[in-house]
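Commentary on secondary and tertiary structure
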Amino acid sequence: MAKLANRLLQEGFGVVNYGYPSTRLTIAEIATEHVPKAIAQCGEHDTVDFVTHSLGGIVLRMYLNQTLPDNLGRVVMLGPPNKGSEVVDKLKNFPGFTLINGPAGLELGTGEDSVPNKLGPVTYPVGIIAGSSTFNPILSQMLPNPDDGKVSVANTKVEGMSDHIVLPVTHTFMMKNSIVMDQVITFLKTGKFKHASER
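These remarks concern the structure in this document. Since we're looking at a predicted model, the values are computed, not measured.

With respect to the overall build of the protein
When helices and strands are counted, the protein shows ten helices and four strands. Overall, the protein shows an N-to-C arrangement of helices and strands of α-α-α-β-α-β-α-α-α-β-α-α-β-α. Taken over the C-alpha trace, the protein has a radius of gyration of 16 Å; the compact-globule value for 199 residues is 16 Å, and the two agree within 12%. Projected onto the principal axes, the alpha-carbon positions of the protein cover approximately 45 × 40 × 30 Å. By residue count, 46% of the 199 residues in the protein fall in the buried class. Accessible surface computed for the protein: about 9,900 Å², of which carbon and sulfur atoms make up 52%.

Some remarks on the sheet that holds strand 3 (residues 126-131)
Sheet architecture is open: four strands sit in the order 1-2-3-4, paired in parallel fashion. In this open sheet, the two edge strands, each paired with only one partner strand, are strand 1 (48-53) and strand 4 (163-167). Between one strand axis and the next, the sheet turns by 15 degrees as a mean value, whatever way the strands run. Direction of pairing for strand 1 relative to strand 2 (residues 72-78): parallel, over a ladder of five bridges. What sits directly across from Phe50, in strand 2, is Val75. Contacting strand 1, strand 2, strand 3 and strand 4, helix 10 (residues 178-190) crosses the sheet at an angle of about 160 degrees to strand 2.

With respect to unusual backbone geometry
Cis geometry marks the peptide bond from Asn145 to Pro146, where omega comes out at -5 degrees. Relative to the helices and strands, Pro146 is located in the loop between helix 8 (137-140) and helix 9 (153-156). A positive phi is found at Ser54, a non-glycine position, where the angle reads about 55 degrees. With respect to the element layout, Ser54 can be found in the loop between strand 1 and helix 4 (55-66).

Focus on the packing of aromatic side chains
By convention here, two paired aromatic rings are described through the distance between centres and the angle between planes. The full count for this structure, using the stated rule, is two aromatic pairs. Summarising the aromatic geometry, the rings of Phe135 and Phe173 are spaced 5.7 Å apart at their centres and angled 35 degrees between planes, so their arrangement reads as tilted. Of this pair, Phe135 sits in the loop between strand 3 and helix 8 while Phe173 sits in the loop between strand 4 and helix 10, and the two are 38 residues apart along the sequence. Judged by centre distance (5.1 Å) and plane angle (40 degrees), the rings of Phe187 and Phe193 are tilted. We classify Phe193 as buried; its relative accessible area is 1%.

Re the packing of helix 1 (residues 2-10) against helix 10
At a minimum axis separation of 10 Å, helix 1 and helix 10 run at an interaxial angle of 45 degrees. The orientation of helix 1 relative to helix 10 falls into the category oblique. Both helix 1 and helix 10 take part in a crossing whose hand is right-handed. Where helix 1 approaches helix 10, its residues Lys3, Leu4, Arg7 and Leu8 are matched on the opposing element by Ser178, Met181, Asp182, Val184, Ile185 and Leu188. Across the contact of helix 1 with helix 10, the residue classes break down as six nonpolar, one polar and three charged.

What counts and what doesn't
Residues numbered from 1 in each chain as written. Predicted model: local features only at pLDDT ≥ 70, side-chain atom pairs only at ≥ 80, totals over all residues. Heavy atoms only, no water. Helix = DSSP H or I, 4+ residues; strand = E, 2+ residues; numbered from the N terminus. Rg over C-alpha atoms; globule rule 2.2 N^0.38 Å. Buried < 20%, exposed > 50% of the residue type's maximum accessible area, 1.4 Å probe, protein only. Areas by Shrake-Rupley, 256 points an atom, 1.4 Å probe, with all protein chains shown as cover. Pairing = 2+ DSSP bridges. Axes fitted to C-alpha atoms, helices over the stretch in contact; angles between N-to-C directions. Contact = heavy atoms within 4.5 Å. Phe/Tyr/Trp six-rings, centres within 6.5 Å; stacked < 30°, edge-to-face > 60°. Parallel < 35°, antiparallel > 145°, perpendicular 65-115°, else oblique. Left-handed = near helix turned anticlockwise from the far one by under 90°. Nonpolar A, V, L, I, M, F, W, Y, C, P; charged D, E, K, R; others polar.

Structure representation (structure tokens):
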């Protein structure tokens, strides 16, 4: 996320680029232990916005379900598995999956009991950027098209979201894409994306 963090700094945002042990903890543990630490690093500000990628969106949703800060601003989620991912459904029992993806990865399936599907609607301003390109045709065969190689466009959506946009980017590298960065900034400043019909 460093390139995006630098771009946000250039736009005048104060930025905390917080990393967490995504492959060692459950989603609940990450939400409880690490989101408060990230918020604390923001210091005293009138508004705190969030930009997440993939699992980070689910971690944030879990945290905000339990604690809604008074100074919460806007949230942008990049490639979030808001309804889970069929890739997890099909690969979770393969040797090495847990080693690579950790306990949190196992919680991102599409079943009713998966963490994303138990979190409910969002009640705060959320803009979601979904990708429609992939460099992993094997994983894409496991997903409804269009998809970004890890998550289908349909499964990035969540009830209550403010805006949603699909861009021709891959899951792994979308946060480095200049168009994605432009859209992140647009949503953080205005509460909506700039869609093709508005350009």
